[in-house]
Amino acid sequence: MHPELLRTGILAALQSGLRFAGAYLLDGDEVLSAESWHPDEISVDERDRLLQLLTSGAEFTDAELNRHLGSPPIPADRRTHLVLVDALQTHFPHAYVVGEEASDREWDIAEGAPEDSLIFQVDAIDGSLPYDTLTFGFSVNLLAYRRGPKTDELLFAALVNSSGFLATFQEGAGVTVGTFKNQQRVIEPLSQNFRSDSIAALGALPRHRRLIEAILRDDSLTVFTTAGAPAALGLIAGRLGVLVATKSQTTHDAVFLPILAALGVPIMVEGGLVLGLEDVRRLFAHVARSQEDRRAHPIPRFVVARNPIFGAAIARLLFSEEAQ
């Protein structure tokens, strides 16, 4: 597939997902009503087809719900996933789509994908808790792969946050940052005047706060407790200094790592190791090959920091045996 066609289709799908998530947040189930769309925005046939899609596959089985290790999915999660699947398969009719809100049937089909198939892994709403509580602080995440004989090749990684800020990594084309209307290719984070003592770390729930107690106690630090992909634009386009993951991650949760690695931002894991782009590629080289992949968390806990010396100190503080 031509790289520009891949990019164009992916960005269109991400925009559809973000728009739907925002509409659903404001209107709830009313977004499924025929009257909720203006006639100029969508044709009758397209409206009816989308309504049927959303109402026919919105609910998870008990087994699928049990597969979710974190907070249970909200209705907007699954319905936004369906909108993403529809948009992706409009542009890529023979592609397979899996991810956080994929059904077991979707995973089953993708596991049988032949070599050279295009496979997308998506998280329709990453940050469901801030999504429907704060109405911001979430993102739509996407990875695109080409199926290989034994491993899979990462072609594209992208996320768009609730502010509409977009970052992508495309194999052979590098990193772009911007909005859907205006993107620019970059070779390093946009802001060099970053706040080295600012840290984003998952910590909204008590079980998460216990893992970051060492930095919460430090009065010299500014700690944001909404992290992961929704906050990663802070490292890429903002002034955030550090991003922390205190638990192993799925690849769709860590969709920003290929972007950061391509920009040369140090990614530190336990044992004092620093991951580069080739290391990240290896971590992202496996999708929908067995049932274990549905629950896999292959990304080790990490600290990503604009200042590597400060980042290493935070990693030692959080990942030492005494801190756990």
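Small disclaimer: the values here were computed from a predicted structure and weren't measured.

Caption draft 1: How the structure looks around the overall build of the protein. Scanning the protein for helices and strands turns up 12 helices and 13 strands. The 324 residues of the protein split such that 52% are buried. Summing over all exposed atoms, the protein offers an accessible surface of approximately 15,100 Å²; the carbon and sulfur share of this is 52%.

Caption draft 2: Region of interest: the side chain of R147. Topologically, R147 is positioned in strand 3 (residues 139-147). Judged by relative accessible area, R147 falls into the buried class, the value being 4%. Within the structure, the side chain of R147 is placed 3.1 Å from the backbone oxygen of A110, a separation counted as a polar contact. At 2.9 Å, the side chain of R147 and the backbone oxygen of A288 are in polar contact. In this structure R147 touches A110, E111, A113, P114, E115, D116, S117, I119, D152, V287, A288 and R289, once residues within four positions along its chain are discounted.

Caption draft 3: Spotlight on the sheet that holds strand 11 (residues 267-269). Read across the open sheet, the six strands follow the order 9-8-10-13-11-12; overall the sheet is mixed. Strands at the two margins of the open sheet, each flanked by one partner only, are strand 9 (222-224) and strand 12 (274-275). Bridge count between strand 11 and strand 13 (residues 302-305): three bridges; the pairing is antiparallel. Note that in strand 13 the partner of I267 across the bridge is V304.

Caption draft 4: Representation of the pairing of strand 3 in the model. Counting buried residues along strand 3, eight of its nine residues qualify, which places the element largely inside the surrounding structure. Pairing of strand 2 (residues 118-126) with strand 3, which is carried by seven bridges, proceeds in the antiparallel orientation. Bridge assignment links F120 to a residue of strand 3, and that residue is A144. In this structure, strand 3 lies alongside strand 4 (residues 152-161), joined through nine bridges in antiparallel fashion.

Caption draft 5: Highlighting helix 12 (residues 308-319). When the terminal C-alpha atoms of helix 12 are compared, their 16 Å separation across 12 residues agrees well with the 16 Å that a helix rising 1.5 Å per residue should span. Taken together, the buried positions of helix 12 are G311, I314, A315, L318 and F319. Taken around the axis of helix 12, the buried residues stretch over an arc of 105°, which confines them to a single face. The outward face of helix 12, more than 90 degrees from its buried face, is lined by the exposed residues I309 and R316. Looking at the buried side of helix 12, the elements it contacts are strand 8 (198-201), helix 8 (213-216), strand 10 (242-245), strand 11 and strand 13.

Caption draft 6: Spotlight on the pattern of salt bridges. Taken as a whole and assessed by the stated rule, the structure comprises 12 salt bridges. For E106, the salt bridge goes to R78, with nearest N and O atoms at 3.1 Å. In this pair, E106 sits in helix 5 (residues 104-111) while R78 sits in helix 4 (residues 75-91), placing the two residues 28 residues apart along the sequence. The same class applies to E106 as to R78, namely buried. A salt bridge links D108 to R294, with the shortest nitrogen-to-oxygen separation between them at 2.3 Å. Placement of the pair is D108 in helix 5 and R294 in the loop between helix 11 (277-283) and strand 13, with a sequence separation of 186 residues. D108 gets classed as partly exposed once you look at its relative accessible area, which sits at 41%.

Caption draft 7: View of the packing of helix 1 (residues 3-27) against helix 4. Relative to each other, helix 1 and helix 4 sit at 155°, their axes nearing to 9 Å. Viewed along their axes, helix 1 and helix 4 adopt a mutual orientation that is roughly antiparallel. Crossing hand, helix 1 versus helix 4: right-handed. Of the residues in helix 4, those touching helix 1 at G9, A12, A13, L14, S16, G17, F20, A21 and Y24 are P75, A76, R79, T80, V83, L84, A87, L88 and H91. Considering only residue class, the contact of helix 1 with helix 4 consists of 12 nonpolar, five polar and one charged.

Caption draft 8: Spotlight on the nonpolar core. Counting 47 residues, the largest nonpolar core has L243, F256, L257, F284, F302 and V304 as its most contacted members. Ranked by residues supplied to this core, first place goes to helix 9 (residues 229-236) with six residues. Core analysis: the next-biggest nonpolar cluster, separate from the first, contains 35 residues, A13, L18, A95 and L142 among them.

So, how was this worked out
Residues numbered from 1 in each chain as written. Predicted model: local features only at pLDDT ≥ 70, side-chain atom pairs only at ≥ 80, totals over all residues. Heavy atoms only, no water. Helix = DSSP H or I, 4+ residues; strand = E, 2+ residues; numbered from the N terminus. Buried < 20%, exposed > 50% of the residue type's maximum accessible area, 1.4 Å probe, protein only. Areas by Shrake-Rupley, 256 points an atom, 1.4 Å probe, with all protein chains shown as cover. Polar contact = N/O pair within 3.5 Å; in protein donor to acceptor, adjacent residues only side chain to side chain. Contact = heavy atoms within 4.5 Å. Pairing = 2+ DSSP bridges. Expected span 1.5 Å × (residues − 1). Arc of directions from axis to C-beta. Salt bridge = Lys/Arg side-chain N within 4 Å of Asp/Glu carboxyl O. Axes fitted to C-alpha atoms, helices over the stretch in contact; angles between N-to-C directions. Parallel < 35°, antiparallel > 145°, perpendicular 65-115°, else oblique. Left-handed = near helix turned anticlockwise from the far one by under 90°. Nonpolar A, V, L, I, M, F, W, Y, C, P; charged D, E, K, R; others polar. Core = buried A, V, L, I, M, F, W, Y, C linked by side-chain atoms within 4.5 Å.

Purely geometric stuff here, so don't read any function into it on its own.
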